[in-house]
Amino acid sequence: MKTVIKFPILFRAHPGRTAGPKDVLVPYLHEHDVPEVSRSETAVAFKSRKYTLREYDGRLFSHVGKPGSPSADACFGHAFGSEDLRRRPWWIPTRAADKAYVRYAGQPLDNLFYYRLYLDGGEKARETMLWPALTPEYRSHQGGPMNRNEFTFQGLQTKIRDIDADQFHEARNQHAAEADRLIVVDGSYWIETTPPALCVGHAGRMVVELSHLPNWLDRDLARQYFPLNAKEEALEYARRAQGMTEYKYRPIHDLVAASEFTFEDNPLFSFDHAAYSVKRTTFLLGGDLARAMAGSPSLEESMGPTRARAVLQARSAARSCGTDYRAWPDAADLVHDVTEAWTMTGRKPGWAEIPKKRHEFGTMICERAAAMTDALPIVVPANTAWTPAR
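Keep in mind that what you see is a predicted model, and the values were worked out from it rather than measured.

Student: Break down the overall build of the protein chain for me, citing the residues and quoting the values.
Tutor: When you go through the protein chain residue by residue, the secondary structure sums to ten helices and twelve strands. Expressed as a percentage of its 390 residues, the buried residues of the protein chain come to 52%. Taking the intrachain contacts of the protein chain between residues at least 6 apart in sequence as the baseline, contacts between residues at least 24 apart amount to 72%. If you sum the accessible surface of the protein chain, you get close to 18800 Å²; carbon and sulfur atoms cover 51% of it.

Student: Could you give me a rundown of helix H5 (residues 231-242), with the residues and numbers involved?
Tutor: With twelve residues, H5 extends 16 Å between its outermost C-alpha atoms, agreeing within 8% with the 16 Å of an ideal straight helix rising 1.5 Å per residue. Taken together, the buried positions of H5 are Ala234, Leu235, Tyr237, Ala238, Ala241 and Gln242. Buried positions in H5, seen along its axis, are confined to an arc of 160 degrees and lie on one side of it. Exposed and oriented more than 90 degrees from the buried face of H5 are Glu232 and Glu236. Contacts made by the buried residues of H5 are with strand E9 (196-203), strand E10 (205-212), strand E11 (224-226), strand E12 (253-254) and helix H10 (358-375).

Student: Can you break down empty space enclosed by the protein residue by residue, with the values?
Tutor: According to the stated counting rule, one finds four cavities of 30 Å³ or more in the structure shown. In this structure, the largest cavity spans a volume of roughly 100 Å³. Along its surface, the largest cavity is lined by Arg86, Arg87, Asn111, Leu112, Tyr114, Tyr115, Trp216, Leu217, Asp218, Arg219 and Trp351. It is helix H3 (residues 107-119) that contributes the most residues to the lining of the largest cavity, four residues altogether. Looking at the lining of the largest cavity residue by residue, the classes come out as six nonpolar, one polar and four charged. Within this model, the second largest cavity holds a volume of roughly 60 Å³. Counted by class, the lining of the second largest cavity contains four nonpolar, five polar and one charged residues.

Student: I'd like to hear about the sheet that holds strand E4 (residues 43-47), residue by residue, with values.
Tutor: Here six strands make up an open sheet; going across it, the order is E3-E7-E8-E6-E5-E4 and the pairing mixed. For this open sheet the edge positions go to strand E3 (36-37) and E4, each flanked by a neighbour on one side alone.

Student: Mind laying out the packing of aromatic side chains, listing which residues take part and the relevant values?
Tutor: Two descriptors summarise a pair of aromatic rings, namely the distance from one centre to the other and the angle between the planes of the rings. Applying the stated criterion across every chain, the model contains 15 aromatic pairs. Measuring from centroid to centroid gives 5.7 Å for Tyr28 and Phe153, while their planes differ by 20 degrees, and the two rings are stacked. Of this pair, Tyr28 sits in strand E2 (residues 22-33) while Phe153 is found in the loop between H3 and helix H4 (165-179), placing the two residues 125 residues apart along the sequence. Considered together, Tyr28 and Phe153 belong to a single accessibility category, that of buried residues. Members of the aromatic cluster, each reached through a chain of ring pairs, are Phe11, Tyr28, Phe153 and Phe168.

Student: Please give an account of the packing of H3 against H4 that cites residues and values.
Tutor: Axis separation between H3 and H4 bottoms out at 11 Å; the angle between their running directions is 150 degrees. When the axis of H3 is compared with that of H4, the two are roughly antiparallel. Taken as a pair, H3 and H4 cross one another with a handedness that is right-handed. The segment H3 lies against H4, with Pro108, Leu109, Phe113 and Arg116 engaging Glu170, Gln174, His175 and Glu178. Of the residues contributing to the contact of H3 with H4, the split by class is three nonpolar, two polar and three charged.

Student: Quick rundown of the environment of Ser277? Include the residues and the values.
Tutor: Relative to the helices and strands, Ser277 resides in helix H6 (residues 273-295). Along the backbone, Ser277 and Tyr225 are 52 residues apart, and their C-alpha atoms lie at a distance of 7.7 Å. Of the polar contacts made by the side chain of Ser277, one reaches the side chain of Gln224; its length is 2.9 Å.

Student: Pulling in residues and values, what's your account of helix H9 (residues 335-344)?
Tutor: Those residues of H9 that sit buried are Val335, Val338, Thr339, Ala341 and Trp342. Axial view of H9: buried residues confined to an arc of 160 degrees, hence all on one face. For H9, the secondary structure elements touched by its buried residues are H6, helix H7 (298-303), helix H8 (305-320) and H10. Positive backbone phi, approximately 95 degrees, marks Gly346, located one or two places after H9.

Student: Any details on the pattern of salt bridges? Residues and values, ideally.
Tutor: Summed over the entire model, instances satisfying the criterion amount to 16 salt bridges. Notably, a salt bridge pairs Arg87 with Glu353, separated by 2.6 Å at the nearest N-O pair. Of this pair, Arg87 sits in helix H2 (residues 83-87) while Glu353 is found in the loop between H9 and H10, placing the two residues 266 residues apart along the sequence. Here Arg240 ties to Glu367 by a salt bridge, and the two come within 3.3 Å at their closest N and O atoms. Of this pair, Arg240 sits in helix H5 while Glu367 sits in helix H10; the two residues are 127 residues apart in sequence, bridging distant segments of the chain.

Student: Let's hear about the side chain of Ser69: which residues, and what values?
Tutor: Relative to the elements of secondary structure, Ser69 occurs in the loop between strand E6 (59-65) and helix H1 (70-77). Assessed through its relative accessible area of 16%, Ser69 is described here as buried. Looking at Ser69, its side chain comes within polar contact range of the main-chain oxygen of Lys66, at 2.7 Å.

The rules behind each value
- Residues numbered from 1 in each chain as written.
- Predicted model: local features only at pLDDT ≥ 70, side-chain atom pairs only at ≥ 80, totals over all residues.
- Heavy atoms only, no water.
- Helix = DSSP H or I, 4+ residues; strand = E, 2+ residues; numbered from the N terminus.
- Buried < 20%, exposed > 50% of the residue type's maximum accessible area, 1.4 Å probe, protein only.
- Contact = heavy atoms within 4.5 Å.
- Areas by Shrake-Rupley, 256 points an atom, 1.4 Å probe, with all protein chains shown as cover.
- Expected span 1.5 Å × (residues − 1).
- Arc of directions from axis to C-beta.
- 1 Å grid on protein atoms, 1.4 Å probe; cavity = no way out; pocket = protein on both sides within 12 Å on 5 of 7 lines; lining within 4 Å.
- Points joined across faces, edges and corners; volume = space filled by probe spheres on them.
- Nonpolar A, V, L, I, M, F, W, Y, C, P; charged D, E, K, R; others polar.
- Pairing = 2+ DSSP bridges.
- Phe/Tyr/Trp six-rings, centres within 6.5 Å; stacked < 30°, edge-to-face > 60°.
- Axes fitted to C-alpha atoms, helices over the stretch in contact; angles between N-to-C directions.
- Parallel < 35°, antiparallel > 145°, perpendicular 65-115°, else oblique.
- Left-handed = near helix turned anticlockwise from the far one by under 90°.
- Polar contact = N/O pair within 3.5 Å; in protein donor to acceptor, adjacent residues only side chain to side chain.
- Salt bridge = Lys/Arg side-chain N within 4 Å of Asp/Glu carboxyl O.

Given below as structure tokens:
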């Protein structure tokens, strides 16, 4: 089924009236032929009163809606969300009163593009720092676009020049890869999704909820993700973190336990949460330190050359992350140096968000990442030149 999707696109170009090139961040209208399959070719992997996951071709899919429905229009018609929507994990409704959040197809790219801009030197990559310089709340008094979603590259072609072709074509390849996550089942769109996860987050006190594993670097480091069969480990983390909040004597707010949620074990629900957490912590803290080093070269001297090198490697790895969390670079060799450098250089604020009692939370986050790294199995690729020991 031919489908037009608005994805964000990020590239360098010269707007024409400025002294130099700028970062262009606008929607791109991508047309994709979404494959159509029969419901009989799929299987239900999870079902609750409000939510269903289907399995097809060894992948999980969640329902978007029929063509022209409000949920499909929201998914395909918006390349950008407001900052709180962009950063919000993809929650799974588990109770009758829960509201099902609409996912827009470009959300992972939206998050990754903003983070890359931050790593490249922007502040917190706010919309007002990019070109076209519009916030989601912008209202034109001259009949122009109402917000960033109304800009498209197609409408800017006559206004820009000197486009970075490599960046542009890389983004177009990412659009095609994201659109390949869609199928049509008996006339309705479904989108491939990451595994469901237990999400332990900080909302004054610690809350356990159900969400999908983010396929971008969620910058709220108090928020941690666990497989569905790791409930005790999730609660252990929640209790440890709860002891640092002002509500430390209150019980954990376990929304999953208070819901109708049940599940059958499924290999598609599993993920290596230790490796995921280690990578995320290392890339976020390393990115913040690399930014701090650029603004204060003396930091490199105080952390030492080995740690400084690890920090720069972490930033490079973070910048290479795509929307497939399974393909994110390994961080096991960097985590000790990065967390030590972050701790010893004053825990500079940056992209990563750490809640109140920042010193205690930051220490716990670093210690946890280091302990997880030490417990990860060592994977050595087979070498055909090896010979048996005698």
